[in-house]
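Architecture at a glance
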Amino acid sequence: MSITFLNPQFMWLLPVSALPLVIHLFYRKRPGKIEFSDLRFIRAALERIRAGLRLRRYILLFIRTLLLLLLVCFFARPLLRFGAVGAREASPLSVVLLLDTSYSMRYEDGGMSRVERARQVARRILDLLPRQTRIGLIAYSDRVETATPSPGNDRNYLLRLIDTIRPTSRTTNTARALAAAEQLLSGESSNAAVIVLSDMAAHGFRDFNTKFGFRDKRIRVIAFTPSGGQNCWLAGAHADFDESAEHWVVDVKGRASPAGAAAGGSLAYFVEGQKKGNDFPVERGNGLFAGRFSVGSAAEDVSGYVEYAGDRLLEDNRHYFAVRRPGACPAWIIDGDPRFGGASAESFYLKMLFPRTCVLAESDVDKTAFTVPGVVILANVRDDHPRLEQFVKAGGGALIFLGNHSGDGFAPAYLPAEIGSIFTTRQNVFWNEEKREVLSRFPLEGFDGGKIEVDSGFVLRPREGAGVVATLTSGWPFIVEGAYGSGKVMLCASTASRQWNNMPTRPMFAPFIKGLCGYLGAAQPSAEKVMLKVGEPFRRSGSVAEVETPAGRRVKVPASGGEMLFQDTEDPGIYRVISAGREILKFAVNLDTDSGESDLAPVSLAALKRLFAGNPVILLPGQDWEKRFMSVLAGTDITRALILVMLVLFLAEIIFANPAVERNPREVAGKII
Amino acid sequence: MKFLDTVTISKIANLRLRVKSVVEGSLAGLHSSSLKGHSLEFAQHREYSPGDELRRIDWKVFGRSDRFFIKQYQDETNLRAHIVLDASGSMRFAAEGRETKLSYAATLAASLSYLLLRQGDAVGLSVFDETFRFHVPPSHQLSHLSTLIGKLENTSAGGDTDIVAVLRDMGQHIRRRSLVIVISDLLGDDAGVIKALKYFRFRHHEVIVLQVLDPHEIRFPYDGEHAFVHLERKEQVFADGEAVAREYRRIFGRFLAGYKSGFRQAGIDYRMVTTDMPFESALCLK
């Protein structure tokens, strides 16, 4: 806050206000002598008034000095202003409007969303400000959404820009907007202001590492008093496949601010666009609530959303999920010796396990798009294929069975073990269950390794970092596990057919191989990985594909370096990835509720003042703010108030100078006589 | 004469000083005697003045001179008056060019002397400050007036006051019942003064007190800071006249009220006069 004067030349008269003090000191030192008949009455009177006299004298001195001071100020016509110390009236005012478009601004207040109200206020501000005021506009969320290139006077342009502003699904980062405002105001005069049109929730003011000094300018920061609000939101929804019950279960968790606000609301579960049921949330204390719902479907993948009903911010009441059943990732079988058909084929038993999967010859590898998540099962492959190496490196899984062709120099980089000589001695298998996590997925009591007979295979020498999942009677590794890039690789010393062992005929073969594929596929983007937050890019290895947004818009996503990158995840919902006309994946995009955006608790004025590093922060009321707004920007003429204060001081002076209304001394004397 | 010029005399010539109670004396005057059985031997004529009994007018003289005279007889007692004048330092006080309290008091004393002597009463004069400076015994001869005025003219204000001691001393020396007229500013121990004068009343003297004050002593109309210097002791007090005035007036008023009620209770005639009052109104004791 500062005071400027319309007639500053009068301030030269300020020393006049010291006149009472000078007079006081002057007369204090030179009292005149008066002869008097008897001093005892004077002494007695002095004794009685001594304490009050001194105080009264100083108060009178103060009042008189202040009166003169205010009189000088009165002629100088003071204006009370906020910020812009030293700014001259003549310099044009520059204003930057920061309009919050984060999803919390969708909160409905009095039949209107907060963002709509902010737009109304922005238009009103354009009306109120003088024509010569230079105005800039920044619409922001956790980034700058729209901004004018610089402050200007073109009101029509600004009005059109305001009309285009829509609420986003992003969170709030006021720091970024302020940084942009600082940039906009860098070339402007110091007579400037930043007007924040936001819900002023505390979540928008957390990410401040630096304070805003506005390049050594003193800027008035104007905002509206936060109105807070009750809100509930869903913080997460997750679907898990219950293997024992053979169906999907959806778990949801949410929060309420303040605690208890969730009472009275309800949860609705939607799967594949169909409403499956309703439930009431269960309070967990501290504002947490949760819900659980059985979908009754055993589909390989499931997508949908959970919706909470019962508050005024609808955007964060819906949480989407898209989950693929573990092990249900795509698999490709590559047979290194596809000449033989029927039960003699290397891939015969594998094909039985994955009936929908095509069996490829090694020559088809370069023609096939291997997408992550996915698993390739190599059976008696002869050559190293760079495309497969790339696939594994990007996160694909590889299950490798060796055969007679594999001994002819098959040594891709992703192999977890070196391939040695062939052994021909019958041996049994022992599970290394204590050391390998993968085995915890199987009921090994039914996987009796002693009944697996391995007549032939390769001697494997595990590489550094690899682990042995199973060994042979001789102690040689039978199955070796390793990682390559983001992918996992499982290498078996023998074949996937009955030629070198009896494993394919054992009852454990089907669940074991499927379990291994699920394990290898789980290393890839799974149910968790395909749950993105608004604004997060979707990445996937593979070639060109299309993504269908929740609004039904299809976007062609080119691949670069074997990876497709989709960045237009601005709206929450279920996105479908389509390749060659076939849906290959769904992923869910949700609001970033972890940022605290849904918590509408207001920021404190003290926190704002700390943040703006000494720049004055003015909070306007929600209603009838115009007068105060203009007084903050243009200043308030306090001459009237000065007159009032001077009047009060004048009365005080009279009272103190004449402590009691007394009759004329002559009358007093007459009465005594 | 300094204190009794023609103007003053003309103003007070028609005044009569009357005394409430009966006094004893050797000459007939305006005062009835307490002594019974005296002869009615003619003593002298005196000019009539309003209030005199008509039956006392000597009609023969009126026939001859066409003027009213009354006869005075030897058996009508006359008054012995003692004028006690304060000439202490505080009586020197005067403000705004007015005459000093002492000057005013001396004029009052001279006027009273003139009145009393003209009535045929005997008048004595005592002047004091800390102690008696001098004492002129009472005499009823008119020529005594010049002696008294001469003494008054030579009186100047002196040092400190001890009015209580002086009055006590005097009370013990006046034997015959008399009229005691005290002219002073009474700026001393008020209780002591009242007590001392009560003693006079105890001795059946008639007492009249004329308290002479300057108007400034009552109003205290000073503005701003001043050093107030004591007239008698040269002590000084710094005070803001404006600030202390209100409290001063309250205290001084209470001081005067104390005298007023004290004298009333003691049956003493008391009058406060200020130096800006005309003498004739100051002498209107009744």
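Source: prediction; values computed, not measured.

Rules and cut-offs
Residues numbered from 1 in each chain as written. Chains lettered and ligands numbered in written order. Predicted model: local features only at pLDDT ≥ 70, side-chain atom pairs only at ≥ 80, totals over all residues. Helix = DSSP H or I, 4+ residues; strand = E, 2+ residues; numbered from the N terminus. Buried ≥ 20, exposed ≤ 12 C-beta atoms within 10 Å, placed from the backbone. Contact = placed C-beta atoms within 7 Å. Pairing = 2+ DSSP bridges. Arc of directions from axis to C-beta. Core = buried A, V, L, I, M, F, W, Y, C linked by C-beta atoms within 7 Å. Axes fitted to C-alpha atoms, helices over the stretch in contact; angles between N-to-C directions. pLDDT = per-residue confidence, 0-100. Parallel < 35°, antiparallel > 145°, perpendicular 65-115°, else oblique. Left-handed = near helix turned anticlockwise from the far one by under 90°. Expected span 1.5 Å × (residues − 1). Nonpolar A, V, L, I, M, F, W, Y, C, P; charged D, E, K, R; others polar.

Considering the overall build of chain A
Scanning chain A from N- to C-terminus turns up twelve helices and 39 strands. For chain A, with 673 residues in total, the buried portion stands at 41%.

Section: the overall build of chain B
Across its full length, chain B carries nine helices and ten strands. For chain B, the share of sequence-separated contacts (at least 6 apart) that also reach a separation of at least 24 residues comes to 76%.

With respect to the interface of chain A and chain B
Listed as interface residues are 28 residues of chain A and, on the opposing side, 36 residues of chain B. Contributions of two or more residues to the side of chain A that touches chain B are made by helix 1 (19-29), strand 2 (32-36), helix 2 (40-76) and helix 12 (665-672) of chain A. With nine residues, the top contributor of residues to the side of chain A that touches chain B is helix 2 of chain A. Of the strand pairs in this sheet, strand 2 of chain A and strand 8 (residues 225-230) of chain B are connected by five bridges, and their pairing is parallel. In the strand pairing of strand 8 of chain B, Phe36 of chain A is matched with His230 of chain B.

Focus on helix 5 (residues 163-173) of chain B
Residue and element names in this part refer to chain B. What helix 5 keeps buried is the set Ile163, Val166, Leu167 and Met170. End-on view of helix 5: buried residues confined to an arc of 95°, all on one side of the axis. Each element contacted by the buried residues of helix 5 is listed here: strand 3 (80-86), strand 4 (122-128), strand 5 (132-139), strand 6 (179-184) and helix 6 (190-202).

Notes on the nonpolar core
Ranked by size, the top nonpolar core spans 73 residues in total, and within it Ile83, Leu85, Ala105, Ala109, Ile181 and Ile183 of chain B carry the most contacts. For this core, the leading source of residues is helix 3 (residues 101-118) of chain B, giving twelve residues. If sequence neighbours within four positions are ignored, Leu85 of chain B has contacts with Ala105, Ala106, Ala109, Leu125, Ser126, Val127 and Ile183 of chain B. Among the nonpolar cores identified, the runner-up in size contains 57 residues, and Val429, Met490, Leu491 and Tyr519 of chain A belong to it.

Section: the sheet that holds strand 36 (residues 573-579) of chain A
All names here are of chain A. If you trace the five strands from one edge of the open sheet to the other, you get 30-37-36-32-33, paired in mixed fashion. What marks the edges here is a single partner per strand, and that holds for strand 30 (531-533) and strand 33 (554-557). When the angles between neighbouring strand axes are averaged without regard to direction, this sheet yields 30°. Pairing between strand 36 and strand 37 (residues 582-590): seven bridges, direction antiparallel. Each bridged residue has a counterpart across the sheet, and for Val577 the counterpart in strand 37 is Leu585.

Concerning the environment of Asn153 of chain A
Residues and elements named next belong to chain A. By the secondary structure assignment, Asn153 is in the loop between strand 8 (144-147) and helix 4 (155-164). Here Asn153 falls in the partly exposed class, since 14 other C-beta atoms lie within 10 Å of it. In this structure, the C-alpha to C-alpha distance between Asn153 and Arg131, residues 22 residues apart in sequence, is 7.0 Å. Once you skip the residues sitting within four places of it in the chain, Asn153 turns out to touch Arg131, Gln132 and Arg134.

Let's talk about the confidence of the model for chain A
Residue and element names in this part refer to chain A. Of the residues in chain A, 88% reach a pLDDT of 70 or more, and the chain-wide mean stands at 83. Looking over chain A, one finds the lowest element-wise mean pLDDT in helix 12, namely 48, and the highest in strand 7 (residues 134-140), namely 95. Between residues 84-88, whose pLDDT stays under 50, and residues either more than four places distant or in other chains, the model counts nine contacts. Segment residues 523-529 is flagged for pLDDT under 50; beyond a separation of four residues in sequence, or across chains, it makes 19 contacts in the model.

Observations concerning the sheet that holds strand 24 (residues 427-431) of chain A
Residues and elements named next belong to chain A. Spatially, the nine strands line up as an open sheet ordered 20-19-21-22-29-28-27-24-25, and their pairing is mixed. This sheet does not close on itself; its edge strands, each paired only once, are strand 20 (359-361) and strand 25 (453-454). Bridge count for strand 19 (residues 331-335) against strand 21 (residues 375-379) is five bridges, and the pairing is parallel. Note on strand 21: the bridge partner recorded for Ala331 is Val375.

Some thoughts on the environment of Gly521 of chain A
Looking at the secondary structure, you find Gly521 of chain A in helix 8 (residues 509-522). Between the C-alpha atom of Gly521 of chain A and that of Pro330 of chain A, which follows or precedes it by 191 residues, the distance is 8.4 Å.

Observations concerning the packing of helix 6 of chain B against helix 8 (residues 241-266) of chain B
Residues and elements named next belong to chain B. Their axes nearest at 10 Å, the elements helix 6 and helix 8 cross at an angle of 20°. For the element pair helix 6 / helix 8, the angle class is roughly parallel. The element helix 6 and its partner helix 8 pack so that their crossing is right-handed. Facing Asp190, Ile194, Leu197, Lys198 and Arg201 of helix 6, the residues of helix 8 in contact are Phe255, Gly258, Tyr259, Gly262, Phe263 and Ala266.

Here's the deal with helix 6 of chain B
Note that an α-helix has 3.6 residues per turn; residues three or four places apart therefore point the same way. All names here are of chain B. Spanning 13 residues, helix 6 covers 18 Å between terminal C-alpha atoms, matching the ideal 18 Å at 1.5 Å per step. Along helix 6, the residues that are buried comprise Val193, Ile194, Ala196, Leu197 and Phe200. The buried residues of helix 6 all sit within an arc of 165° when viewed along its axis, so they share a single face. Away from the buried face of helix 6 by more than 90 degrees, exposed residues Ala191 and Phe202 are located.

Topic: the pairing of strand 5 of chain B
Residue and element names in this part refer to chain B. Of the pairings in the sheet, the one linking strand 4 to strand 5 comprises five bridges and is antiparallel in character. Looking at strand 5, one finds that Val123 is bridged to Ser139. Taken together, strand 4 and the strand that follows it, strand 5, pair antiparallel across an intervening segment of three residues.

Quick look at the packing of helix 2 of chain A against helix 11 (residues 639-657) of chain A
Residue and element names in this part refer to chain A. Where helix 2 contacts helix 11, the two axes come as close as 9 Å, and the packing angle between them is 155°. On the basis of their axis angle, the class for helix 2 and helix 11 is roughly antiparallel. Judged by the sense of rotation from one axis to the other, the crossing of helix 2 with helix 11 is left-handed. For the pair helix 2 and helix 11, the contacting residues are Arg56, Ile59, Leu60, Ile63, Arg64, Leu66, Leu67, Leu70, Leu71, Cys73 and Phe74 in the first and Thr639, Leu642, Ile643, Val645, Met646, Leu649, Phe650, Ala652, Glu653, Phe656 and Ala657 in the second. Looking at the contact of helix 2 with helix 11 residue by residue, the class counts come to 18 nonpolar, one polar and three charged.

Here we look at the environment of Val372 of chain A
Mapped onto the elements of the fold, Val372 of chain A is located in the loop between strand 20 and strand 21. Sequence-wise, Val372 of chain A and Arg539 of chain A are 167 residues apart; in three dimensions their C-alpha atoms are separated by 9.8 Å.

Thoughts on unusual backbone geometry
All names here are of chain A. Ser257 connects to Pro258 through a cis peptide bond whose omega is -5°. Along the chain, Pro258 turns up in the loop between strand 12 (247-257) and strand 13 (266-271). The phi dihedral of Asp624 is positive, around 45°, even though this residue is not glycine. In this fold, Asp624 is placed in the loop between strand 38 (617-620) and helix 10 (626-634).

Section: the confidence of the model for chain B
All names here are of chain B. Of the residues in chain B, 83% have a pLDDT of 70 or more, and the chain-wide mean is 81. Mean pLDDT values over the elements of chain B span from 66, in helix 1 (residues 6-12), up to 93, in helix 7 (residues 215-219). Low pLDDT, under 50, characterises residues 32-39; the predicted model gives this stretch 14 contacts beyond four residues in sequence or across chains. As scored by the predictor, the complex reaches a pTM of 0.49 and an ipTM of 0.78.

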